[in-house]
Amino acid sequence: MSKIIRRLLFLFLAGIASVVAVFPQTTPADDEPDFIVPARPTVSNPAEFQKPSVLQLEFGYDANFHASQFRAQQDTPLAVRFAVNRRILVEFDSDSPYSQTDKSKMTITGAGDSQLGIQFVLQPENKNRPGIAAAYYIKIPTASEEKGFGTGRVDHNFIGLISKTFGKTTVDFNAIYLLAGRTSEKGYATSGKAAFAVTENLTKRVGIQGEISGFSRNDEQSGAMFGLGVVTYQINKRMVFDSGVRFGLTPDAPRVGIVAGITVGIAGLYKKHH
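The structure presented is a predicted model; accordingly, all values stated were derived computationally and were not measured.

J.: Please clarify how the nonpolar core should be interpreted in this entry.
T.: Generally speaking, a soluble globular protein has its nonpolar side chains buried in company with each other. Judged by nonpolar contacts, Ala 47, Ala 133, Ala 135, Tyr 137, Ile 159, Leu 161 and Ile 176 together constitute the single largest core of seven residues. Among the secondary structure elements, those contributing two or more residues to this core are strand E8 (131–140) and strand E9 (155–166). Sorting elements by how many residues they give to this core places E8 first, with three residues. In this structure, Ala 47 is in contact with Gln 119, Val 121, Gly 131, Ile 132, Ala 133, Leu 161, Ile 162 and Ser 163, ignoring residues within four places of it in sequence.

What follows is the structure, encoded as structure tokens:
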């Protein structure tokens, strides 16, 4: 078993243990969903999401620096998340435009990959149990294979999500099974991903997030682990800013990265009928 897989297994067990260990200290969760529930900039997503019928837009800047394959990598991720109801969320993601600077300082720019996904809440959170959800995302290979921005193959992501709030602290854990289209031959390569995040609300508007995430080797892509630290600022119930720093924790990961962005909620697109 590779070191990456062992570390991901440890992360999985630690995430489950952390959720279980603090169950006795639980406090009742708010029964009404927040107007928006940001999913960026962490790798993990919350098990539950924004208020039904609200269209949530997430836009940001993401950059990685000093990797073995490149000098810098930058993109402007966009996510459009729509809550159909309390149980179902649909999402579209795009990583365009995308740019990469090689070791000789030459920069090329083009389109990144896109994703379509759907998430189902299997068990809503309450004071005695976490929220549990399942999701499926399919990668649409819109990135240029010729420029090295993508594989040109379709990928499938199957995700299990667990979230629990304890007072002002929220814990999110995601476990991901990835079927990635091989670049060297036909068929798919399998790998695992995991992400464990903790969010702490320091004040009514200011919060901090910490996350450890990683993935095992997949086809020709080496495995890697990352640490992320983020500060968030909530302007009002419809808008949240975030910014943070990401660090590579394994030799093949980029040494450092930065993230910044905004989450905005658009008024419900339809009225709830009683």
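J.: Sorry, what's going on with the packing of aromatic side chains here?
T.: Given two aromatic rings, their pairing is described by the distance between the two centres and the angle made by the two planes. Counting across every chain of the model gives three aromatic pairs. With 5.3 Å between their ring centres and 40° between their planes, Tyr 136 and Phe 158 make a pair best called tilted. Placement of the pair is Tyr 136 in strand E8 and Phe 158 in strand E9, with a sequence separation of 22 residues. By relative accessible area, which is 38% here, Phe 158 ends up partly exposed. Ring centres of Phe 158 and Tyr 177 lie 6.5 Å apart, and the angle between their planes is 35°; on these two criteria the pair is classed as tilted. Linking Phe 158 in strand E9 with Tyr 177 in strand E10 (residues 169–181), this pair joins segments that are 19 residues apart in sequence. Through a chain of ring-to-ring contacts, three or more aromatic side chains come together here, namely Tyr 136, Phe 158 and Tyr 177.

J.: Any chance you could explain the environment of Ala 189 here in plain terms?
T.: Note that Ala 189 resides in strand E11 (residues 188–201). By relative accessible area, Ala 189 is classed as buried at 4%. A C-alpha to C-alpha distance of 5.7 Å links Ala 189 and Leu 179, two positions ten residues apart in sequence.

J.: Where do I start with the side chain of His 156 in this structure?
T.: When you line up the elements, His 156 lands in strand E9. Looking at His 156, its side chain comes within polar contact range of the side chain of Tyr 136, at 2.7 Å. Look past the residues within four positions of His 156 in its chain and what remains in contact with it is Tyr 136, Tyr 137, Ile 138, Tyr 177, Leu 178, Leu 179 and Tyr 188.

J.: Where do I start with the side chain of Thr 76 in this structure?
T.: The residue Thr 76 is located in the loop between strand E2 (72–75) and strand E3 (78–83) in this model. There is a polar contact of 3.1 Å between the side chain of Thr 76 and the backbone oxygen of Ser 96. Thr 76 has contacts with Phe 59, Gly 60, Ser 94, Ser 96 and Pro 97, leaving out every residue within four places of it along the chain.

J.: Whenever I open this one, the pairing of strand E14 (residues 239–248) confuses me. Can you help?
T.: Within a regular strand, the side chains alternate between the two sheet faces. With ten bridges joining them, strand E13 (residues 224–236) and E14 adopt antiparallel strand pairing. Its bridge partner being in E14, Thr 232 is matched across the sheet by Asp 242. Linking E13 to E14, which pair antiparallel, is a turn of two residues. In terms of strand pairing, E14 meets strand E15 (residues 256–266) through nine bridges, oriented antiparallel. Of the residues in E15, the one forming a bridge with Val 245 is Ile 258.

About the criteria used
- Residues numbered from 1 in each chain as written.
- Predicted model: local features only at pLDDT ≥ 70, side-chain atom pairs only at ≥ 80, totals over all residues.
- Heavy atoms only, no water.
- Core = buried A, V, L, I, M, F, W, Y, C linked by side-chain atoms within 4.5 Å.
- Buried < 20%, exposed > 50% of the residue type's maximum accessible area, 1.4 Å probe, protein only.
- Helix = DSSP H or I, 4+ residues; strand = E, 2+ residues; numbered from the N terminus.
- Contact = heavy atoms within 4.5 Å.
- Phe/Tyr/Trp six-rings, centres within 6.5 Å; stacked < 30°, edge-to-face > 60°.
- Polar contact = N/O pair within 3.5 Å; in protein donor to acceptor, adjacent residues only side chain to side chain.
- Pairing = 2+ DSSP bridges.

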